[in-house]
Amino acid sequence: MGRPSEVTRKDVPSIVRVMDNDRPLAQAYAYVPNPPNFFEAIAQYGPPRIVEAAAILLNHITGTSFRFVHNGGSESERVAEVNGWRVWSYYN
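Structural notes, computed from the coordinates. Here the structure is a predicted model, which means the values were calculated and not measured.

**Comments concerning the pattern of salt bridges**
Phase 1 of the analysis: The final tally for this structure, using the stated rule, is seven salt bridges.
Phase 2 of the analysis: A salt bridge links Arg 78 to Glu 52, with the nearest nitrogen and oxygen atoms 3.7 Å apart. One end of the pair, Arg 78, is in helix H3 (residues 75-91); the other, Glu 52, is in helix H2 (residues 50-62), with 26 residues separating them in the sequence. In terms of burial, Arg 78 and Glu 52 fall into one category: buried.
Phase 3 of the analysis: Between Glu 75 and Arg 78 there is a salt bridge, and its shortest N-O distance comes to 2.8 Å. Separated by three residues within a single helix, Glu 75 and Arg 78 lie in helix H3, roughly one turn from each other.
Phase 4 of the analysis: Judged by relative accessible area, which is 48%, Glu 75 ranks as partly exposed.
Phase 5 of the analysis: Judged by relative accessible area, Arg 78 falls into the buried class, the value being 8%.
Phase 6 of the analysis: Salt bridges here are not isolated pairs; linked through shared partners, they connect Asp 22, Arg 49, Glu 52, Glu 75 and Arg 78.

Okay, structure coming up:
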C-alpha cells in the first residue's frame, strides 16, 4: 500500500485486519484528497489512534462509514466501526 490515492478496494481486507490496533499514532494528522470539483481539495482529520486512521482510509476507498470516528470516538463507536468493516469486508 502506498499513498491514499494508490490504495484500492483490494487493500480493504488488509486494512480491516489492523483495525483492532488501538495504539496511538505518532502524528495525529491525516489528509486525503477529495474528488474533483469538491468544495475543498483535501480532507483533513486528527485521528488519535491507528483504528481511526484505518477508518479514514476505508472511507476514502469505499465511500462507506459506520460511525464517524475519524477525529476520535468513544470505545463503543470504535467497536461498532470495526465490526461494521468486518461484515462489509466479508460480503464485499
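Moving on from the coordinates now.
**A closer look at unusual backbone geometry**
Phase 1 of the analysis: Of note in the backbone geometry, Asn 37 takes a positive phi value of approximately 65° without being a glycine.
Phase 2 of the analysis: Of the residues examined, Asn 37 reaches a relative accessible area of 84% and is grouped as exposed.

**Regarding H3**
Phase 1 of the analysis: Over its 17 residues, H3 extends 25 Å from the first C-alpha to the last, a length consistent with the 24 Å expected when each residue adds 1.5 Å.
Phase 2 of the analysis: Buried within H3 are the following residues: Arg 78, Glu 81, Val 82, Gly 84, Trp 85, Trp 88 and Ser 89. When H3 is viewed along its axis, its buried side chains cluster within an angular range of 160° and face the same direction. In H3, the exposed positions that point more than 90 degrees away from the buried face belong to Ser 76, Tyr 90 and Tyr 91.
Phase 3 of the analysis: Tucked inside the fold, the buried residues of H3 contact helix H1 (12-17) and H2.

**Re the nonpolar core**
Phase 1 of the analysis: Ranked by size, the top nonpolar core spans 14 residues in total, and within it Val 12, Ile 15, Val 16, Met 19, Leu 58, Ile 61 and Trp 85 carry the most contacts.
Phase 2 of the analysis: Among the elements of the structure, H1, H2 and H3 are those that each provide at least two residues to this core.
Phase 3 of the analysis: Ranked by the residues each element gives to this core, the list is headed by H2, at five residues.
Phase 4 of the analysis: In this view, Met 19 contacts Val 51, Ala 54, Ala 55, Leu 58, Glu 81, Val 82 and Trp 85; residues no more than four positions away in its chain are not counted.
Phase 5 of the analysis: Of all hydrophobic cores here, the second largest spans five residues; its members include Ala 30, Val 32, Tyr 45 and Ile 56.

Analysis parameters
Residues numbered from 1 in each chain as written. Predicted model: local features only at pLDDT ≥ 70, side-chain atom pairs only at ≥ 80, totals over all residues. Heavy atoms only, no water. Salt bridge = Lys/Arg side-chain N within 4 Å of Asp/Glu carboxyl O. Helix = DSSP H or I, 4+ residues; strand = E, 2+ residues; numbered from the N terminus. Buried < 20%, exposed > 50% of the residue type's maximum accessible area, 1.4 Å probe, protein only. Expected span 1.5 Å × (residues − 1). Arc of directions from axis to C-beta. Contact = heavy atoms within 4.5 Å. Core = buried A, V, L, I, M, F, W, Y, C linked by side-chain atoms within 4.5 Å.

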